[in-house]
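Notes for the structure review
Spelled out from the first residue to the last, the chains are:
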Amino acid sequence: SILLLVNYLVSSTAVLFLCLPYKYSLQTEVLLLLLPIPFLVFFLPWFSLNVISVLVGDSSFVSESKKNTVVLTHFLGLFYSFILLFWTFNTPWRDYFIAAFLAVTLLSWVFRFFRGFLFAIHKGASWYYIILYFCTLEIIPFILIFILVNVKLKENIFWLFN
């Protein structure tokens, strides 16, 4: 399980690196921004689920969502490894690999949200708390990360033209 998690961290960082345009892939600031993204994508939901289990006082309430997070992370790591393997030998198909990467990543997150939502409803959580959880602990951190990466890329673009 730990090796699959390490595989996810390495392969997702490599896929993110390959998704960058060539002019950004050589900048160390952009590369340093890529390193924590896969780490945060896994550990932010894991941390938020642990916070919820402490607040609720029942760890069985979020155990299914934790398992889903780990299993989907393992699956994504294996999928990203296959993408990297084929991408290395078929560089003209870059756009298709980026589309596959984005589609599978988005589908896995939708699946995780949907399954967590169904499990929470089955356990008797109210709609208000489910929506509050998704907005505060799942969506807002990724929006903040997206804004930070966007600002850093704009700073690097500005630096290139000066």
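For the structure itself, look to the data block above.
Here the structure is a predicted model, which means the values were calculated and not measured.

Quick notes on the nonpolar core
Core analysis: the biggest nonpolar cluster contains 20 residues, and Tyr8, Val15, Cys19, Tyr80, Ile83, Trp87 and Phe101 have the highest contact counts within it. Other than its neighbours up to four places away in sequence, Tyr8 contacts Pro38, Val41, Phe42, Thr73, Leu76, Gly77 and Tyr80.

Observations concerning the side chain of Ser11
Note that Ser11 resides in helix α1 (residues 2–19). Classification of Ser11 as buried rests on a relative accessible area of 3%. Ignoring any residue separated from it by four or fewer positions in sequence, one finds Ser11 in contact with Gly77, Tyr80, Ser81 and Leu84.

Concerning the packing of helix α5 (residues 63–89) against helix α6 (residues 94–123)
Axis separation between α5 and α6 bottoms out at 10 Å; the angle between their running directions is 170°. The orientation of α5 relative to α6 falls into the category roughly antiparallel. Of the residues that constitute the contact of α5 with α6, the class distribution is 15 nonpolar, 6 polar and 4 charged.

Side note on the packing of α1 against helix α4 (residues 36–56)
Where α1 meets α4, the closest approach of the two axes is 8 Å, and the angle between their N-to-C directions is 135°. The pairing of α1 with α4 is recorded here as oblique in orientation. Relative to α4, the crossing made by α1 is right-handed. Residues Leu5, Tyr8, Leu9, Ser12, Thr13 and Leu16 of α1 form the contact with α4, whose own contacting residues are Ile37, Pro38, Phe39, Val41, Phe42 and Phe43.

A few points about the pattern of salt bridges
Side chains bearing opposite charge may pair, as long as their charged atoms lie close to each other. One pass over the full model with this rule turns up 1 salt bridge. The shortest N-O distance in the salt bridge between Arg115 and Glu64 comes to 2.7 Å. Separated by 51 residues along the polypeptide, Arg115 in helix α6 and Glu64 in helix α5 bring together distant segments of the chain.

Let's talk about the packing of aromatic side chains
Within the structure shown, the criterion is met by 9 aromatic pairs. Here the aromatic rings of Trp109 and Phe113 are separated by 5.9 Å at their centres, their planes lie at 50°, and the arrangement is tilted. In this pair, Trp109 and Phe113 both sit in helix α6, 4 residues apart, roughly one turn of the helix. When its relative accessible area of 17% is taken as the criterion, Trp109 is described as buried. For Phe113, a relative accessible area of 25% puts it in the partly exposed group. Among the aromatic side chains, those forming a connected cluster through ring pairs are Tyr8, Phe75, Phe79, Tyr80 and Phe101. One cation-aromatic arrangement involves Lys66 over Trp46; the distance from NZ or CZ to the ring centre is 5.5 Å.

Thoughts on the side chain of Ser65
When you line up the elements, Ser65 lands in helix α5. Other than its neighbours up to four places away in sequence, Ser65 contacts Leu49 and Gly116.

Criteria and cut-off values
Residues numbered from 1 in each chain as written. Predicted model: local features only at pLDDT ≥ 70, side-chain atom pairs only at ≥ 80, totals over all residues. Heavy atoms only, no water. Core = buried A, V, L, I, M, F, W, Y, C linked by side-chain atoms within 4.5 Å. Buried < 20%, exposed > 50% of the residue type's maximum accessible area, 1.4 Å probe, protein only. Contact = heavy atoms within 4.5 Å. Helix = DSSP H or I, 4+ residues; strand = E, 2+ residues; numbered from the N terminus. Axes fitted to C-alpha atoms, helices over the stretch in contact; angles between N-to-C directions. Parallel < 35°, antiparallel > 145°, perpendicular 65-115°, else oblique. Nonpolar A, V, L, I, M, F, W, Y, C, P; charged D, E, K, R; others polar. Left-handed = near helix turned anticlockwise from the far one by under 90°. Salt bridge = Lys/Arg side-chain N within 4 Å of Asp/Glu carboxyl O. Phe/Tyr/Trp six-rings, centres within 6.5 Å; stacked < 30°, edge-to-face > 60°. Lys NZ or Arg CZ within 6 Å of the ring centre and 35° of its normal.

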